[in-house]
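So the chains spell out like this:
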Amino acid sequence: PSWLQNSNWLGPTTPCTSGNEWFGVGCGSTEEVTFLRLSGNDLLGTLPSEVRGISTLQTFEVPGNSLLGEVPSTIGEMPALTSLDGRTNFFNESLPPEIANATSLQLIDLSINQI
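To keep things clear, this report deals only with the structure shown in the data block. (Residues numbered from 1 in each chain as written. Predicted model: local features only at pLDDT ≥ 70, side-chain atom pairs only at ≥ 80, totals over all residues. Heavy atoms only, no water.)

Scanning the protein from N- to C-terminus turns up zero helices and eight strands. The helix and strand sequence of the protein, counted from the amino end, reads β-β-β-β-β-β-β-β. Whereas a compact globule of 115 residues would reach a radius of gyration of roughly 13 Å, the protein reaches 14 Å, a difference of no more than 12%. Buried positions account for 38% of the 115 residues belonging to the protein. For the protein, restricting intrachain contacts to residue pairs at least 6 apart in sequence, the fraction spanning at least 24 positions comes to 40%. (Helix = DSSP H or I, 4+ residues; strand = E, 2+ residues; numbered from the N terminus. Rg over C-alpha atoms; globule rule 2.2 N^0.38 Å. Buried < 20%, exposed > 50% of the residue type's maximum accessible area, 1.4 Å probe, protein only. Contact = heavy atoms within 4.5 Å.)

Attention shifts here to the sheet that holds strand β2 (residues 33-37). Strand order in this open sheet of five strands is β1-β2-β4-β6-β8, and the pairing throughout is mixed. Looking along the sheet, the strands with just one partner apiece sit at the ends: β1 (25-27) and β8 (107-109). Strand-to-strand, the axes of this sheet are offset by a mean angle of 10°, without reference to chain direction. Where β2 and strand β4 (residues 59-61) come together, three bridges link them in parallel fashion. Within the sheet, the bridge partner assigned to R37 lies in β4 and is E61. (Pairing = 2+ DSSP bridges. Axes fitted to C-alpha atoms, helices over the stretch in contact; angles between N-to-C directions.)

Turning our attention to the state of the cysteines. Such a bond, covalent and formed between the sulfur atoms of two cysteines, is termed a disulfide. The tally for this structure, following the rule as stated, stands at one disulfide. Covalent S-S linkage joins C16 and C27, the inter-sulfur distance amounting to 1.9 Å. Because the torsion about its S-S bond is -85°, the bridge between C16 and C27 counts as left-handed. One end of the pair, C16, is in the segment before β1; the other, C27, is in strand β1, and eleven residues separate them in sequence. When its relative accessible area of 7% is taken as the criterion, C16 is described as buried. We classify C27 as partly exposed; its relative accessible area is 31%. (Disulfide = S-S within 2.5 Å.)

With that settled, consider the environment of L84. Tracing the backbone shows L84 in strand β6 (residues 83-85). Along the chain, L84 and F60 lie 24 residues apart, while their C-alpha atoms are 5.0 Å from each other. In this structure, L84 is in contact with F60, V71, I75, I99, L105, L107, I108 and D109, ignoring residues within four places of it in sequence.

This next bit is on the sheet that holds strand β7 (residues 90-91). The strands making up a sheet associate through hydrogen bonds between their backbones, and the pairing can be parallel or antiparallel. Read across the sheet, three strands follow the order β3-β5-β7 without closing on themselves; strand pairing throughout is parallel. Of all the strands in the sheet, just β3 (44-45) and β7 have a single pairing partner and so form its edges. Of the strand pairs in this sheet, strand β5 (residues 66-69) and β7 are connected by two bridges, and their pairing is parallel. Bridge assignment links G69 to a residue of β7, and that residue is F91.

See below:
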């Protein structure tokens, strides 16, 4: 991976393997992914729609990167998501209406973007 902090990403272990945790990934007591914190990590490009596959994700923080395009509509398919922080990026599309389906979402910070 070409981003700044990528310890154990794309390695042979799962994100929550004890002793081999992936940088920026937090796990619950049953080894499910509960947060992604990749602030200022030089991420470049669009947010992949595949994040919806992390059904246990509660906190998704990617501020201070170079992410662009739209916030994927699949964010609405994340039942546990409570916080989305994508400030200080280059998102330039309106929020998708599907985001209203993320009924646990309490905080959205997309300030300092081009929305």
